[in-house]
Amino acid sequence: MNEKDRIKAEKRLLNISMMGVVFFIVAEGVMVLITSSQSILMDAVYGAADLLMILISIKIIPILYRPATEKNPFGFSQMESIFITIKGSMLTAVTVGLVLNNIQIMLKGGNHVAFTNIAVFELAAGIVSCGILLVLSKQNKKLDSPLVQAEVSAWLIDSVASIGLAIAFLLPAVVHNGWMQGFSPYLDQVVAIVLSAFILPMPIRMAISGLRDLFLIAPDEETVTSIKELSQGILDEYQMRQTTCEIIKTGRKIWISIYFKSKDDMVSFSMIKEARNKLEEEIKKEYPDLYVELVPEFEY
């Protein structure tokens, strides 16, 4: 897939996610007015924050494909890292704020809501979310876009959370005893807080991942090991020994610098070029967006 097609495909998937988010914000807004449910309000506010991030994502996609220059040796990949850090931090702040709001409501005596209506709504929301999740995850297998993957993670959480909420709000209809009657004013807030605790690790991980990329820290150990093993296997064909492998990940792009020594102390430029091209071709099968340089190591 060429660059132009990738940009179109990414925008199309983000637009699908955006339309889904807009639909849920409207539907959840109506349900909040009808039921005054804090759980649904939390979903709506979270969705509104995510919508803002999607709109920005769509605007920055073409910029991410601009080539590297002397002024920007890493291209514009770090813009994606900055965006993901901001998105993760913003969603974390929204989630924490909603938790504090629900604690305040509980301290004031809780809130009675129409549990059955909320359960039916959340079950329907879970089914729709699963449909959007399947479409995005299937299409992103070809793109491997971090921006789309962030949306896939968000829809996965929405799907699981909606089904979990539906089950939780069916409890008052199933359990009939004094304990449940006394607890029912707090059920909505407790469910909202539990849902927040379930959601919170995702934006935190997103923010940490973005910060790692901003500081040009090597990717996870599994990725580093995989690239090193694959590189050495190809270098062996050219009688080269890998000495150092520097791997930097920023945004969606991986930069790999492999330092090597020739086993017979002789190597030609054409051989280095051939080995580099083969390295890039093989590694791209696993990590599509990368740059590889092969550097001879000299002893002084």
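Relevant structure appears above.
Description of the structure in this document. (Residues numbered from 1 in each chain as written. Predicted model: local features only at pLDDT ≥ 70, side-chain atom pairs only at ≥ 80, totals over all residues. Heavy atoms only, no water.)

So, about a positive patch on the surface. Positive charge collects at one region of the surface, where Arg-12, Lys-138, Lys-141 and Lys-142 lie side by side. When residues in the positive patch are grouped by element, the largest group, three residues, is from helix 4 (residues 115-143). Mapped onto the secondary structure, Lys-141 falls in helix 4. (Patch = residues over 30% accessible without salt bridge, like charges linked within 9 Å, V, L, I, M, F, W, Y side chains within 5 Å. Areas by Shrake-Rupley, 256 points an atom, 1.4 Å probe, with all protein chains shown as cover. Salt bridge = Lys/Arg side-chain N within 4 Å of Asp/Glu carboxyl O. Lys, Arg positive; Asp, Glu negative; His and termini not counted. Charge placed at Lys NZ, Arg CZ, Asp CG, Glu CD. Helix = DSSP H or I, 4+ residues; strand = E, 2+ residues; numbered from the N terminus.)

So, on to the packing of aromatic side chains. The geometry of an aromatic ring pair is captured by the separation of the ring centres together with the interplanar angle, meaning the angle of the planes. With the rule as written, the count across this model stands at three aromatic pairs. Ring geometry for Phe-23 against Phe-24: centres 5.5 Å apart, planes inclined by 75°, an arrangement best described as edge-to-face. Taking the relative accessible area as the measure of exposure, Phe-24 reaches 9% and is therefore buried. Look at Phe-24 and Trp-155: their rings are 5.8 Å apart centre to centre, the planes differ by 50°, and that puts the pair in the tilted class. Taken together, the positions of Phe-24 in helix 1 (residues 3-35) and Trp-155 in helix 5 (residues 146-174) put the pair 131 residues apart, joining distant regions of the chain. Comparing Phe-24 with Trp-155 shows no difference in burial state: the two are buried. Feature note: the residues Phe-23, Phe-24 and Trp-155 constitute an aromatic cluster, connected by ring pairs. (Phe/Tyr/Trp six-rings, centres within 6.5 Å; stacked < 30°, edge-to-face > 60°. Buried < 20%, exposed > 50% of the residue type's maximum accessible area, 1.4 Å probe, protein only.)

We now examine the packing of helix 1 against helix 4. Two quantities define a packed helix pair, namely the angle between the helix axes and the distance between the axes. Where helix 1 contacts helix 4, the two axes come as close as 11 Å, and the packing angle between them is 175°. One way to sum up the angle between helix 1 and helix 4 is to call them roughly antiparallel. Each residue belonging to the contact of helix 1 with helix 4 can be placed in one class, and the counts come to 14 nonpolar, seven polar and five charged. (Axes fitted to C-alpha atoms, helices over the stretch in contact; angles between N-to-C directions. Parallel < 35°, antiparallel > 145°, perpendicular 65-115°, else oblique. Nonpolar A, V, L, I, M, F, W, Y, C, P; charged D, E, K, R; others polar.)

This next bit is on the sheet that holds strand 3 (residues 290-296). Strand order in the open sheet formed by three strands is 1-2-3, with mixed pairing between adjacent strands. Of all strands in the sheet, those bounded by a partner on one side alone are strand 1 (240-250) and strand 3. The sheet shows a mean angle of 15° between the axes of neighbouring strands, taken without regard to direction. Here strand 2 (residues 253-262) pairs with strand 3 via seven bridges, running parallel. Residue pairing in the sheet places Tyr-259 in a bridge with Val-295 of strand 3. Its contacts with the sheet place helix 8 (residues 221-236) against strand 1, strand 2 and strand 3, and it is angled at close to 145° to strand 1. Across the sheet, helix 9 (residues 269-283) touches strand 1, strand 2 and strand 3, and the angle it forms with strand 3 is around 150°. (Pairing = 2+ DSSP bridges. Contact = heavy atoms within 4.5 Å.)

With 54 residues, the main nonpolar core has Trp-155 and Phe-169 as its most contacted residues. Breaking this core down by element, the ones donating at least two residues are helix 1, helix 2 (38-64), helix 3 (77-107), helix 4, helix 5, helix 6 (178-199) and helix 7 (201-214). In contact with Trp-155, not counting residues within four places along its chain, are Ser-17, Gly-20, Val-21, Phe-24, Ser-129, Ile-132, Leu-133 and Leu-136. Counting 20 residues, the second-largest nonpolar core is a separate cluster that includes Ile-227, Tyr-238, Ile-272 and Leu-290. (Core = buried A, V, L, I, M, F, W, Y, C linked by side-chain atoms within 4.5 Å.)

Moving on: the environment of Ile-7. Counting through the fold element by element, Ile-7 comes out in helix 1. Counting along the chain gives 154 residues from Ile-7 to Ala-161, while the straight-line C-alpha distance between them is 31 Å. In contact with Ile-7, other than residues within four places in its own chain, are Ile-61, Pro-62 and Tyr-65.

The next point concerns the pattern of salt bridges. Applying the stated criterion across every chain, the model contains eight salt bridges. Measuring nitrogen to oxygen at the nearest pair gives 3.9 Å for the salt bridge that ties Lys-284 to Glu-280. Look at Lys-284 and you get partly exposed, because its relative accessible area is 36%. Looking at Glu-280, the relative accessible area reads 17%, which means it is buried. Salt-bridge contacts for Lys-285 lead to Glu-282; the nearest nitrogen and oxygen are separated by 3.2 Å. When its relative accessible area of 58% is taken as the criterion, Lys-285 is described as exposed. On the accessibility criterion, Glu-282 (23% relative accessible area) is partly exposed. Taken together, the shared-partner salt bridges in this structure form one network comprising Asp-50, Lys-87 and Glu-151.

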